[in-house]
Amino acid sequence: MTLDELIQKVEAARLRRSEHLIVQIVAVTKYTQDIEVLKRLYNDGQRAFGENRVQDMEKKVNALEDLPIEWHFIGNLQKNKINKLLKLNPFMIQSINSYELAEAINKRANKPLRCLLEINSSKEPTKHGLPPEEAIDTYLKIKENLPNINLQGVMTIGAHTDDEKEIRKSFRLTYNIFDKLKPYGAKICSMGMSSDFEIAIEEGSNMIRVGRILLESYV
Ligand SMILES: *Cc1c(COP(=O)(O)O)cnc(C)c1O
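Notes on the structure in this doc start here. (Residues numbered from 1 in each chain as written. Predicted model: local features only at pLDDT ≥ 70, side-chain atom pairs only at ≥ 80, totals over all residues. Heavy atoms only, no water.)

**Notes on the overall build of the chain**
Of regular secondary structure, the chain possesses nine helices and eight strands. For 219 residues, the compact-globule formula gives about 17 Å, and the C-alpha radius of gyration of the chain, at 17 Å, lands near that figure. Expressed along its principal axes, the backbone C-alpha trace of the chain runs to roughly 45 × 40 × 30 Å. A buried classification covers 54% of the 219 residues belonging to the chain. Relative to all contacts within the chain whose residues are 6 or more apart in sequence, the contacts with residues 24 or more apart total 57%. For the chain, the separation between the mean place of its 32 positive charges and that of its 31 negative charges on side chains is 4 Å. (Helix = DSSP H or I, 4+ residues; strand = E, 2+ residues; numbered from the N terminus. Rg over C-alpha atoms; globule rule 2.2 N^0.38 Å. Buried < 20%, exposed > 50% of the residue type's maximum accessible area, 1.4 Å probe, protein only. Contact = heavy atoms within 4.5 Å. Lys, Arg positive; Asp, Glu negative; His and termini not counted. Charge placed at Lys NZ, Arg CZ, Asp CG, Glu CD.)

Below you can see the structure in the form of structure tokens.
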């Protein structure tokens, strides 16, 4: 799917939710090491890119340093990679999946960083992220104690199933947490990937992270 085709689908989905909903697209480029693919996406207008490995992100950031790209880190961050990631000056870290990780980043950062709290909304043991019932307390504790973690909202990966009801349920659960955090400054609800971004938007997502279906058109 080209970026234009994706934007049209996003547009239709957001209107099913609300004409006031604005949805940002993060292009997840983790499947390719080919810089030309990223350049083609950039030339079509894409500005936000997502990567889940520090090493890969480093190569791409360096190769594209002249372009005004927003880099989003979306993967599980090992503590021994924090310094390397911070040097890349990411626009946002979407995958804060424990208080301990937030603490470790807070200590090493020398300025506030935009971050999202990752929630394991489907409670799948293979997934990272906070259990939903701990999310609000942890969010507030980070806000209170860790000045370099500028929490802007939440991120989740939808339930891994073909059952649309289950997927919707995991998004709705995350949206409800987001809604409760709005009085504390939460602005971003990042949910929806290639297979489920339309459902996510219908459930209130305002940031989708799309890789596979987009890259097919650009490789
Ligand atoms: C890979 C990945 C995506 C994109 O998934 P696609 O199915 O390729 O669209 C989104 N979010 C996270 C956290 C990912 O790791």
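**Details of a positive patch on the surface**
Judged by side-chain charge, Lys111, Arg114, Lys143 and Lys187 come together as a positively charged surface patch. Relative to the helices and strands, Lys187 is located in the loop between helix H7 (164-181) and strand S7 (188-190). For Lys187, a relative accessible area of 52% gives the class exposed. (Patch = residues over 30% accessible without salt bridge, like charges linked within 9 Å, V, L, I, M, F, W, Y side chains within 5 Å. Areas by Shrake-Rupley, 256 points an atom, 1.4 Å probe, with all protein chains shown as cover. Salt bridge = Lys/Arg side-chain N within 4 Å of Asp/Glu carboxyl O.)

**Observations concerning the side chain of Thr32**
With respect to the secondary-structure elements, Thr32 resides in the loop between strand S1 (24-28) and helix H2 (35-43). Every residue in contact with Thr32, bar those within four places of it in the chain, is listed here: Val37, Leu38, Lys60 and Leu215.

**A few points about the packing of aromatic side chains**
Here the structure, examined in full by the defined rule, presents two aromatic pairs. Between Phe49 and Trp71 the ring centres are 5.8 Å apart and the planes differ by 35°, which places this aromatic pair in the tilted class. Linking Phe49 in strand S2 (residues 48-51) with Trp71 in strand S3 (residues 70-73), this pair joins segments that are 22 residues apart in sequence. Residue class for Phe49 comes out buried when judged on its relative accessible area of 0%. Residues Tyr175 and Phe178 carry aromatic rings whose centres are separated by 5.6 Å and whose planes lie at 65° to one another, so their mutual orientation is edge-to-face. Note that Tyr175 and Phe178 are positioned in helix H7 at a spacing of three residues, about one turn of the helix. There is no split in this pair, since Tyr175 and Phe178 are both buried. Over the ring of Tyr42 we find Arg47, and its NZ or CZ is 3.6 Å from the ring centre. (Phe/Tyr/Trp six-rings, centres within 6.5 Å; stacked < 30°, edge-to-face > 60°. Lys NZ or Arg CZ within 6 Å of the ring centre and 35° of its normal.)

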